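Now for the letters of each chain:
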Amino acid sequence: MDGDKTEVVAILGAGAWGLSTALHLIDAGYTNVTVFDQASEVPSPYSGAYDLNKIVRAEYEDEFYTELALEAINRWRTPFWGWNFHQVGYVVATSSAAPAKAVDHLEAALSSIKDHPVFAPGISSLNKSEDFKKIYWQFSGPMTGFKGYLNRLAGYAHSSNAMADLHRYLVSRGVKFILGAQEGKAVKLLYNTSNPSERRCTRFQVASGRVHQARRTIVCVGAYAATLIPEMGSFVIAKCWSVAHVQLTERECDYLRGIPVLNVRDLGFFFEPDPATRLLKLCPLGAGYINSDANTGLSLPPSGSQRAPKDYIPASDEKKLRRLLKETLPQLADRPFVDQRLCWFSDTSDSEYCVDFVPDTGGSLIVLSGDSGHGFKMMPIVGEWVLKLLRDGRQVRPRRQFRQTQKRDADWGNDVSWRIGTTKEIREVVEEQDRMVKARL
Ligand SMILES: Cc1cc2nc3c(=O)[nH]c(=O)nc-3n(C[C@H](O)[C@H](O)[C@H](O)COP(=O)(O)OP(=O)(O)OC[C@H]3O[C@@H](n4cnc5c(N)ncnc54)[C@H](O)[C@@H]3O)c2cc1C
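Residues numbered from 1 in each chain as written. Predicted model: local features only at pLDDT ≥ 70, side-chain atom pairs only at ≥ 80, totals over all residues. Heavy atoms only, no water.

You'll find the protein entered in an unreviewed UniProt entry as Oxygen oxidoreductase, with Rhizodiscina lignyota given as the organism. In its Cofactor (unreviewed entry) section, the UniProt record describing the protein reads: "FAD". (UniProt positions renumbered as here; feature names shortened; annotations may be inferred.)

A. Focus on the nonpolar core. Trp76, Met378 and Met379 are the most contacted members of the largest nonpolar core, which has 71 residues in total. The leading source of residues in this core is helix α10 (residues 379-392), at eight residues. Summarising the domain contributions, this core has at least three residues from each of domain 1 (1-52 + 158-235 + 350-408) and domain 2 (85-155 + 237-347 + 413-441). Not counting the four nearest positions on each side in its chain, Met378 is found in contact with Tyr60, Tyr65, Leu68, Ala69, Ala72, Tyr353 and Trp385. (Core = buried A, V, L, I, M, F, W, Y, C linked by side-chain atoms within 4.5 Å. Buried < 20%, exposed > 50% of the residue type's maximum accessible area, 1.4 Å probe, protein only. Helix = DSSP H or I, 4+ residues; strand = E, 2+ residues; numbered from the N terminus. Domains from an automatic or database assignment. Contact = heavy atoms within 4.5 Å.)

B. Representation of the packing of helix α1 (residues 16-27) against α10. At a minimum axis separation of 7 Å, α1 and α10 run at an interaxial angle of 60 degrees. It follows that α1 is oblique to α10 by the angle criterion. For α1 against α10, the interelement crossing comes out right-handed. Seen from α1, the contacting residues are Ala16, Trp17, Leu19, Ser20, Thr21, His24 and Leu25; seen from α10, they are Met379, Pro380, Ile381, Val382, Gly383, Glu384, Val386, Leu387 and Leu390. Among the residues forming the contact of α1 with α10, the class breakdown is eleven nonpolar, four polar and one charged. (Axes fitted to C-alpha atoms, helices over the stretch in contact; angles between N-to-C directions. Parallel < 35°, antiparallel > 145°, perpendicular 65-115°, else oblique. Left-handed = near helix turned anticlockwise from the far one by under 90°. Nonpolar A, V, L, I, M, F, W, Y, C, P; charged D, E, K, R; others polar.)

C. Structural detail: the pairing of strand β7 (residues 147-151). Counting buried residues in β7 gives four out of five residues, a clear majority hidden from the surface. The pairing of strand β5 (residues 90-94) with β7 spans five bridges and is classified as antiparallel. Looking across to β7, one finds that Ala93 is bridged to Gly148. (Pairing = 2+ DSSP bridges.)

D. Examining the environment of Asp392 more closely. Mapped onto the fold, Asp392 is located in helix α10. Note on Asp392: relative accessible area 40%, which makes it partly exposed. Separated by 91 residues in the primary sequence, Asp392 and Pro301 have C-alpha atoms spaced 34 Å apart.

E. Spatial organisation of the pattern of salt bridges. In total, this model carries 18 salt bridges according to the counting rule given. Linking Asp51 and Lys281 is a salt bridge whose minimum nitrogen-to-oxygen distance equals 2.7 Å. One end of the pair, Asp51, is in the loop between β2 (33-37) and β3 (54-56); the other, Lys281, is in strand β17 (residues 279-284), with 230 residues separating them in the sequence. We note that Asp51, like Lys281, is buried. Here Asp115 makes a salt bridge to Lys114, at a shortest N to O gap of 3.6 Å. The class for Asp115 is exposed, based on a relative accessible area of 61%. Three or more residues joined by partner-sharing salt bridges are found here, namely Asp51, Lys54, Lys281, Asp339 and Arg341. (Salt bridge = Lys/Arg side-chain N within 4 Å of Asp/Glu carboxyl O.)

Okay, here's the thing in structure tokens:
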């Protein structure tokens, strides 16, 4: 199906995956690519990757994803992407209080790479706190019962900068961007007919009411996928995790430069501080939060008058992060957190990505979704999957196909080894915060 490269292609969503798609399409010779985004600038604050940094690692217990991630890492280590890649190493650990699932995950992650020819030379086991102290000589915390390993092949990427750089580059290559809440926000996909054998997505409407025509529409709106394609709500849910930061002084920032990413599976993870903002970014680990609509059953990021945490993170997450700091950098453990927020992504129950044609649309509509909170690292190669889809006319990789629907139940995602804990509704978090504020009065 390697078709007409002059066809009108509309990419809805200028997040990590939409930008990657635009890049690979123009590199392959497509000449008429327009990217729409509801935000007025790129990176969009609605993007799950609107952030200082994201982990780039390749240890998956699943060889398929390990190989994809290795391909991505090889791309990060090139002059085009390398500005935003920091191969500082990645330490995975558990604390003395870790539940069995976290310990099992760590062992499985290690065994997936310890004999792998590419990783093995860069892996060191860390069996006691003294081993951690050798790597993190700056840490004065006890790191009680920490066990784990260091993977030198991994690190992190500056996600907002990577998106900003790619946006600038794409503009210079002639990709058009239509941004903003009125002209850039897609609100409805329009089809020529409802007859499945002839149905094509031929147009879409943006919030201003304007209608755009496209031969190919590629939906990359992350956590918002079900707003445009409601059927997706049966196998992709919008979910969020907390993000918080500690503001450092220049000297504190310099002191911590070059530390490997530390991921303590039962507590959370943090990165070397960002030299431009001097922020130390932290994320607690857990099963995340969803926002289910009682009528439709869909989980979507809160909108309109819906209440959602703003300038605070759930109390249990804050507790985990403060414990993580006490164990590592106790001098920061009581500092106020700044820029606290919830960050949304699209989650599948088995953590598989979905990059596929929407069925019964004659190849006119493609969706990229289900990043499951581990898709940023793939940014350099995601667009290649779209090209393969266009070339082969069927999904080759990743593996989850659009038709694989899934009933949402309490066990959603429990089989994913790196998700520890139980998913909560956002409204429970808001109610809990209200109770805490009331109790303080
Ligand atoms: C807290 C957190 C930590 C994470 N950590 C990591 C990590 O360490 N490593 C890793 O690899 N991945 C990580 N991820 C996942 C990563 O952020 C996502 O995989 C990645 O952002 C997915 O890209 P995307 O383009 O599908 O979606 P997004 O980047 O979310 O982009 C979606 C875009 O669609 C736009 N949009 C939405 N609705 C519309 C509409 N109607 N019309 C037009 N535009 C619209 C948005 O403005 C946004 O720009 C993390 C995610 C979160 C939330």
